[in-house]
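For reference, the chains in residue letters:
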Amino acid sequence: MGFRCGIVGLPNVGKSTLFNALTETQAAQAANYPFCTIEPNVGQVGVPDPRLDQLAAIAGSQKIIPTQLAFVDIAGLVRGASKGEGLGNQFLGNIREVDAIVHVLRCFEDDDIQHVENRVDPVSDADTVETELMLSDLESLEKRVPAAQKKAAQGDKESKLVAAVLGQALDLLREGKPARLVQPRDEEEARVFKAAQLLTAKPVLYVCNVEEGAAATGNAHSAAVFAKAKAEGAEAVIVSAAIESELVAMDAEERSLFLSELGLSETGLARVIRAGYDLLHLITFFTVGPKEARAWTVHKGAKAPEAAGEIHSDMQRGFIRAETIAFDDYVSLNGEAGAKEAGKLRQEGKEYVVQDGDVLHFKFNV
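About the thresholds
- Residues numbered from 1 in each chain as written.
- Predicted model: local features only at pLDDT ≥ 70, side-chain atom pairs only at ≥ 80, totals over all residues.
- Heavy atoms only, no water.
- Helix = DSSP H or I, 4+ residues; strand = E, 2+ residues; numbered from the N terminus.
- Buried < 20%, exposed > 50% of the residue type's maximum accessible area, 1.4 Å probe, protein only.
- Contact = heavy atoms within 4.5 Å.
- Areas by Shrake-Rupley, 256 points an atom, 1.4 Å probe, with all protein chains shown as cover.
- Phe/Tyr/Trp six-rings, centres within 6.5 Å; stacked < 30°, edge-to-face > 60°.
- Lys NZ or Arg CZ within 6 Å of the ring centre and 35° of its normal.
- Salt bridge = Lys/Arg side-chain N within 4 Å of Asp/Glu carboxyl O.
- Core = buried A, V, L, I, M, F, W, Y, C linked by side-chain atoms within 4.5 Å.
- Polar contact = N/O pair within 3.5 Å; in protein donor to acceptor, adjacent residues only side chain to side chain.
- Pairing = 2+ DSSP bridges.
- Axes fitted to C-alpha atoms, helices over the stretch in contact; angles between N-to-C directions.

Asker: Please clarify how the overall build of the protein should be interpreted in this entry.
Answerer: When its secondary structure is counted, the protein shows 14 helices and twelve strands. Going through the 366 residues of the protein one by one, you find that 49% of them count as buried. In the protein, 69% of the contacts between residues at least 6 apart in sequence involve partners at least 24 apart. Accessible surface, the protein as shown: approximately 17600 Å² in total, 49% of it carbon and sulfur.

Asker: Would you take a moment to explain the packing of aromatic side chains for this structure?
Answerer: Each aromatic ring pair is summarised here by two numbers: the centre-to-centre distance and the angle between the ring planes. Under the definition given, this model contains four aromatic pairs. Between phenylalanine 286 and phenylalanine 327, the aromatic rings sit 6.5 Å apart at their centres with planes inclined by 45°, giving tilted as the arrangement. Remark: phenylalanine 327 occurs in helix 13 (residues 327-332) and phenylalanine 286 occurs in strand 8 (residues 282-288); sequence separation between them is 41 residues. Since its relative accessible area comes to 12%, phenylalanine 327 is described here as buried. Among the aromatic residues, those joined into a ring-pair cluster are Phe285, Trp296, Phe319 and Phe362. When the ring centre of phenylalanine 327 is taken as reference, the NZ or CZ atom of arginine 51 above it lies at 5.9 Å.

Asker: Could you clarify how one ought to interpret the pattern of salt bridges in this entry?
Answerer: Pairing between side chains becomes possible if they bear opposite charge and their charged atoms approach one another. Considering all chains together, one arrives at 15 salt bridges under this definition. Between arginine 191 and glutamate 158 there is a salt bridge, with the nearest N and O atoms lying 3.2 Å from each other. Of this pair, arginine 191 sits in helix 6 (residues 187-195) while glutamate 158 sits in helix 5 (residues 157-174), and the two are 33 residues apart along the sequence. Residue arginine 191 is classed as partly exposed on the basis of its relative accessible area of 37%. Three or more residues joined by partner-sharing salt bridges are found here, namely Asp49, Arg51 and Asp356.

Asker: Just to check I follow, could you spell out the nonpolar core for this structure?
Answerer: Nonpolar side chains in soluble globular proteins tend to end up buried together. Core analysis: the biggest nonpolar cluster contains 51 residues, and Phe71, Ile95, Leu205, Tyr206, Val207 and Ile273 have the highest contact counts within it. Among the elements that line this core, the one with the most residues is helix 10 (residues 268-280), at seven residues. Judged by nonpolar contacts, the second largest core, of 17 residues, contains Val165, Leu173, Phe193 and Leu198.

Asker: It is not clear to me how helix 9 (residues 252-261) should be interpreted in this structure. Could you clarify?
Answerer: Working note: α-helix, 3.6 residues per turn, so residues spaced by three or four point in the same direction. Two or three places before glutamate 253, at the start of helix 9, stands the capping residue aspartate 251, its side-chain oxygen 3.2 Å from that residue's backbone nitrogen. Positioned one or two residues after helix 9, glycine 263 has a phi angle of 80°, which is positive.

Asker: Whenever I open this one, the sheet that holds strand 7 (residues 235-239) confuses me. Can you help?
Answerer: Sheet architecture is open: six strands sit in the order 2-4-1-5-6-7, paired in mixed fashion. For this open sheet the edge positions go to strand 2 (41-46) and strand 7, each flanked by a neighbour on one side alone. Within this sheet the neighbouring strands show an average axis-to-axis angle of 25°, counted without direction. Note: strand 1 (residues 4-8) against strand 4 (residues 68-73), four bridges, orientation parallel. For isoleucine 7, the partnering residue across the bridge sits in strand 4 and is aspartate 73. Contacts between helix 1 (residues 15-23) and the sheet are confined to strand 1, strand 2, strand 4, strand 5 (100-106), strand 6 (204-209) and strand 7, with strand 2 contributing the most and set at about 40° to the helix.

Asker: Mind showing me how you'd approach the environment of valine 204 here?
Answerer: By secondary structure assignment, the location of valine 204 is in strand 6. Residues valine 204 and histidine 103, spaced 101 residues apart in sequence, show a C-alpha to C-alpha distance of 6.8 Å. In this structure, valine 204 is in contact with Ile101, His103, Arg180, Ala234, Glu235 and Leu279, ignoring residues within four places of it in sequence.

Set out below in structure tokens:
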């Protein structure tokens, strides 16, 4: 399962610099002018998880393979993008294809770096981008909802459902509110809402890009963003893209020392990943053996066969059972043998809901 987070924001807020740092590449050309990112760059990022190292050490695994998250660097939006201004709908289309929006906001003062609107006001920047996404959704739904209502009046059941669900979204957008505030009542409504691919239905993580000196505590600009995020029920994190760029060239020991000197306990990558996981309601399970220790990602609430399908579709199709050990039990009992002897290795069936940190071994037959 590929989870994609689209990095968006106004030009020159640090999107490409952050992307380069997060993916530890120079795939995106970071430059001090608008629209330097013409095509969306995609980078796969290993998700840092110290539990994986613990499991590998106990099992003597030859390889350690983290689960991954994809970051898509999308070019800067400007006021009027929904009407084709700047590079317009091309980028709105790129946003439509991601699972969550990582909205980078400039929270630093620097006279040498041009701001597209000649001022530093991250809350206003966030509102500018959100407005363009809402206008795009509004234009789409003002065509789709009346069409669905017309078919619904003729007795079409699916159209009745579409008209009801998307009608709620249209009402919210007309009030200046994002479509993600729609609350589907059941799985059918959730299916219709997801299929609509509305830009403002996607969960948002605000990334406050601060100067190096504010990386540990934030500043007045980031405080305003956190207040906005709290009011919206969104997530926010503080990152210094400049620091993350420096960390790329360091080894593990140098990184640890550098972060400690700055009053930081982890990298910006770790904070963004953790917040992204929370945003997408994801959990991690593990498979562990002498050849490899590997982390896998599923949605919270996923059942055992769905988790098996993340490894291979045959495992899901021919699922029999999942041998399951909780992470804490695996560690405290020094591995599978100890867990089995203590009665902590469980045989779980098709209805078992996978828990974060589960160590799983699937039995299947096809």
